[in-house]
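What follows is each chain in one-letter form.
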Amino acid sequence: SQFAALKGLAEGFEEFKDLTPENIDNAILIANSLKQVIAREALFSSNELLEDLPTEHIKLILTPYYHALVLLKSTDQAKRKSNLEFAQGSFEEFLNYLDNYRVVDEKFIERWRTPAEPTRDQKIADFKAKKALEQQIQLLESRNNPDDLRDLYKLQLQHAASHTLDQLRFVKLELQVLEFKSTQETNPLPPPPPQRPPQILKIDESNVNLINPLISSGNDIAKARHNIEHQVFQPGHRQPLYTIEEWGEIECKMCMEREEKQKQAELERKREQEENPEDWEEQNRKNDAGWDDWKDMHEKGAGNRNGR
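Residues numbered from 1 in each chain as written. Predicted model: local features only at pLDDT ≥ 70, side-chain atom pairs only at ≥ 80, totals over all residues. Heavy atoms only, no water.

Chemist: Let's hear about the pattern of salt bridges: which residues, and what values?
Modeler: A full pass over the atoms with the stated rule returns 18 salt bridges. The salt bridge partner of Glu41 is Arg40, with a shortest N-O separation of 3.8 Å. Across the salt bridge formed by Glu134 and Lys131, the nearest N and O atoms sit 3.8 Å from each other. Taken together, the positions of Glu134 and Lys131, both in helix α7 (residues 120–143) and 3 residues apart, correspond to about one turn of that helix. On the accessibility criterion, Lys131 (39% relative accessible area) is partly exposed. (Salt bridge = Lys/Arg side-chain N within 4 Å of Asp/Glu carboxyl O. Helix = DSSP H or I, 4+ residues; strand = E, 2+ residues; numbered from the N terminus. Buried < 20%, exposed > 50% of the residue type's maximum accessible area, 1.4 Å probe, protein only.)

Chemist: Run through the packing of helix α4 (residues 63–72) against helix α5 (residues 80–100), naming residues and quoting values.
Modeler: Where α4 meets α5, the axes come as close as 8 Å, and the angle between the chain directions of the two elements is 160°. Here α5 runs roughly antiparallel to α4, going by the angle between their axes. Once α4 is placed against α5, the crossing between them reads as left-handed. Facing Pro64, Tyr65, His67, Ala68, Leu69, Leu71 and Leu72 of α4, the residues of α5 in contact are Arg80, Asn83, Leu84, Phe86, Ala87, Ser90, Phe91, Glu93, Phe94 and Tyr97. Of the residues assigned to the contact of α4 with α5, the class counts are 12 nonpolar, 3 polar and 2 charged. (Axes fitted to C-alpha atoms, helices over the stretch in contact; angles between N-to-C directions. Parallel < 35°, antiparallel > 145°, perpendicular 65-115°, else oblique. Left-handed = near helix turned anticlockwise from the far one by under 90°. Contact = heavy atoms within 4.5 Å. Nonpolar A, V, L, I, M, F, W, Y, C, P; charged D, E, K, R; others polar.)

Chemist: Just give me the short version of helix α6 (residues 106–113), but keep the residues and values in it.
Modeler: Think of an α-helix as turning once every 3.6 residues; residues three or four places apart then point the same way. Here α6 has its buried residues at Phe108, Ile109 and Trp112. Projected down its long axis, α6 carries its buried residues within an arc of 100°, all on one side. Every exposed residue of α6 that faces more than 90 degrees away from the buried side is listed here: Glu106, Lys107 and Glu110. Of the surrounding elements, those touching the buried residues of α6 are α5 and α8 (149–186). (Arc of directions from axis to C-beta.)

Chemist: Lay out the packing of aromatic side chains in plain terms, naming residues and giving numbers.
Modeler: Inspection of the entire model under this criterion finds 8 aromatic pairs. Aromatic pair Tyr65 and Phe91: ring centres 6.3 Å apart, planes at 55°, arrangement tilted. Note that Tyr65 is positioned in helix α4 and Phe91 in helix α5, a separation of 26 residues in sequence. The class of Phe91 is buried, set by a relative accessible area of 0%. Grouped by ring-pair contacts, the aromatic residues Phe3, Tyr65, Tyr66, Phe91 and Phe94 constitute a single cluster. Directly above the aromatic system of Trp112 lies the positively charged group of Arg113, at a separation of 3.8 Å from the ring centroid. (Phe/Tyr/Trp six-rings, centres within 6.5 Å; stacked < 30°, edge-to-face > 60°. Lys NZ or Arg CZ within 6 Å of the ring centre and 35° of its normal.)

Have a look at this one:
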């Protein structure tokens, strides 16, 4: 059937299979033909519920969704903006069908009507919901039971609805980019000012004092000229003093020195414990007593309220 052909092409395009201009044009023709049949036969009505539709008609609700996906895959840059606008309209048409037939809840409709960038938690929840829907769809498809067709089509509609919200955000962004590009082409930025030619300074006795007032002899002038020539192609930032390998060796040496100091400190501490065991025992007793006092004054878990 035409719907099966459109679905196969659209889903194949999403995986970049048979993505040729001829197949894209063919899919667009099929989608337009199906839309004309749906409008002519008045297959869908806002006065009906999903339970009132024949089973074979439910899957046809996906026609504008697949039409939009195909339009987004078109490579004709001359028609890119119009294709994006038509795709946006087809996505809106699909979501209107879902709203009329109560396939999605009010919370979903609110997210569609008042679009906003989803939060991280919302993205995670959407991802988990999509995975759950995909698992249920795969389960029903594996059963191949005619009695499951209505449930299968409803799950496919809900999965496509979630994907549609993502696609609408991308379409909006791309339209904004194209609008900005068109504005730049219509009102291009002024050309940059012409660059000043480099100034050539000849160092001699007449201007050497401008460079260094302390220069007085001919040898000093020659030395100043040499220094300036040497600085011509030097970068304006400070040069590194070490290579990466050299700095790595320095870091390694410093780390070994720190470890050696820690070992010496540990040995010194142990030596003091052996020489004055009573002092260390008294210090440990005071530390334990102080910790017990602190626990008595602070309830366990008092510092961790998880934001409450």
